[in-house]
Amino acid sequence: MNFSKCRVCGERAIIDLPRHNANFCADHLLQLCRRQVEKAIKDHEMLSPDDRILVAVSGGKDSLAIWDILLDLGYSADGLYIGLGIGEYSDVSGEYTRAFADERGLTLHTIDLRDEYDYDVPTAAKVTRRVPCSACGMSKRHLFDKAALDGGYDVVVTGHNLDDEAAVLFGNTLRWDVEYLARQHPVLPARNGFPKKVKPLMRLTEREMAAWCIVRGIDYQVDECPMAIGNKHLAYKEALNSIERESPGSKSAFYLEFVDKMSPILAGLNQAAAGELNRCAECGAPTTGDTCAFCRLHERVGGHEPVPVEMVLNKKARKAYLAAQAAGE
Ligand code: AMP
Ligand code: FES
Ligand code: ZN
Ligand code: ZN
């Protein structure tokens, strides 16, 4: 049989990466991933060797991979998992995350929305009548910040990859949302009571992260969040993938050139927006008002009767969700 060969060593390749116009064996794929993470960290001064790092881990490939890569590069990093209460999806995600941490003897902090705040994401979505990702994203951001500050961590790492960032950039650009464009940076420095946040996978794709996990024997939650099915973010990813197939390298150029060329131009706008903030009357978090958005959400939805996932999905998502449930039984 005719196998393609690794560009670096000539051994049998396991993956082709059209944007690098090359194939790679398992070892050299790992080397490429490590080098891309090192480059992101160095170019954007993301981490220092003695930083106390908190990795936000969802149980998916990206966040487990970046936790693994950072440890592999010699950083010490603890994990944070947030139980969002999205039915079986969250149960399984939590199991993969705990298994990863247990097998390696790592410290994993866990916060369960239902246990600690008496709500979950489907219930919050139903009560607020907003798309689920809105309450979910806001809750996660608040809890990442709080856990980092309470635990004395220097920096929060998330597993956002090149596909995620390019899709967000695509959406922001379609709307010329200048405020969001100014804030879309792989590093948010610590300021105003918020911890530093970094995205070291900014140069690597979903496919590369899936390959990292397979080669390293990391089991992860393969399913997408059921509440995200049919959302715009996934549609933007598909659109970019279709462009990428025609013209390999355009996705990374779109995002990485934005960071290099446009972010410095937009930075001034960002500074202008960053004024002094108040402290939330309930929890002390930084906020523009009296009470932070998380405490307002908590006040509104905490204690509400739990709403099951399928009650808050749109028609298309519910059909896909129920079919997947039936297939799993
Ligand atoms: P997402 O918004 O689901 O694409 O996730 C982006 C990043 O946020 C992931 O790579 C993780 O670093 C983090 N994250 C998402 N969900 C969770 C969770 N339930 N617990 C902790 N971190 C999470
Ligand atoms: Fe937040 Fe799906 S993970 S709504
Ligand atoms: Zn090789
Ligand atoms: Zn608050």
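Structure first, text after, so check above.
Residues numbered from 1 in each chain as written. Chains lettered and ligands numbered in written order. Predicted model: local features only at pLDDT ≥ 70, side-chain atom pairs only at ≥ 80, totals over all residues. Heavy atoms only, no water.

## Details of the coordination of the zinc ion (ligand 4)
So the rule is basically this: Distances define the donors: N, O and S atoms within 2.8 Å of the metal qualify, as do those within 3.2 Å of Na, K or Ca. Water is excluded, so some sites may look unfinished. Irregular is the label for any site that misses the other tests, which are tetrahedral for four donors with all angles between 85 and 135 degrees, and square planar for four donors or octahedral for six when opposite donors exceed 155 degrees and the remaining angles lie between 65 and 115. To sort residues, take the accessible area from a 1.4 Å probe on protein chains only and compare it with the maximum for the residue type: under 20% means buried, over 50% means exposed, and anything in between is partly exposed.
Protein ligation of the zinc ion (ligand 4) involves C280 (SG), C283 (SG), C292 (SG) and C295 (SG), the donor distances falling in the range 2.2 to 2.4 Å. If you look at the zinc ion (ligand 4), its four donor atoms make angles of 107 to 114° with each other, and the shape they trace is tetrahedral. Sequence spacing of the donor residues for the zinc ion (ligand 4), all on one chain, is C-x2-C-x8-C-x2-C. Residue classification places C283 among the partly exposed residues on the basis of a relative accessible area of 37%.

## Description of the coordination of the zinc ion (ligand 3)
Where we set the bar: Counting from the N terminus, the helices are the DSSP runs of H or I reaching at least four residues and the strands are the DSSP runs of E reaching at least two.
The protein atoms that coordinate the zinc ion (ligand 3) are C6 (SG), C9 (SG), C25 (SG) and H28 (ND1), at distances of 2.0 to 2.3 Å. Because the angles between the four donor atoms bound to the zinc ion (ligand 3) fall within 97 to 114°, the donor set is best described as tetrahedral. On the primary sequence, the residues serving as donors to the zinc ion (ligand 3) are separated as C-x2-C-x15-C-x2-H. Linking C6 in the segment before β1 (15–17) with H28 in helix α1 (residues 26–43), this pair joins segments that are 22 residues apart in sequence. Taken as a pair, C6 and H28 share a single burial class, namely buried.

## Considerations on the site of ligand 1
We apply this condition: Nearness is defined per residue: one heavy atom within 4 Å of the molecule or strand is enough. Residues adjacent in sequence count toward polar contacts only when both atoms are side-chain atoms; beyond that, a polar contact is any pair of N or O atoms within 3.5 Å, and within protein one must be able to donate a hydrogen and the other to accept it. The method behind every accessible area is Shrake-Rupley, applied with a 1.4 Å probe, and residues are considered shielded solely by the protein chains displayed. Charged means Asp, Glu, Lys or Arg here, nonpolar means Ala, Val, Leu, Ile, Met, Phe, Trp, Tyr, Cys or Pro, and polar covers whatever is left, Gly included.
Taken together, the neighbourhood of ligand 1 is formed by 13 residues, with A56, V57, L80, I82 and G159 sitting nearest. At a separation of 2.5 Å, an oxygen atom of ligand 1 approaches a polar backbone atom of A56. Between ligand 1 and G159 there is a distance of 2.9 Å, counted from an oxygen atom to a backbone nitrogen or oxygen. Taken by itself ligand 1 offers 480 Å² of open surface, and the protein chains cover 77% of this. The dominant element in the shell around ligand 1, judged by the number of residues it contributes, is strand β4 (residues 77–83), at three residues. For the shell around ligand 1, the residue count by class is seven nonpolar, five polar and one charged.

## Things to note about α1
To keep things clear, this is the line we draw: Given the number of residues in a helix, its expected span is that number minus one, multiplied by 1.5 Å. Contacts are assigned to residue pairs with any non-hydrogen atoms lying within 4.5 Å of each other.
With 18 residues, α1 should cover 26 Å at 1.5 Å per step; its first-to-last C-alpha distance of 26 Å lies within 8% of that length. Those residues of α1 that fall on the buried side of the exposure criterion are H28, L29, L30, L32, C33, Q36, V37, A40 and I41. On its buried face, α1 is in contact with β1, β2 (22–24), α2 (61–72) and α9 (206–216). Positive backbone phi, at 45°, marks E45, one or two positions downstream of α1.

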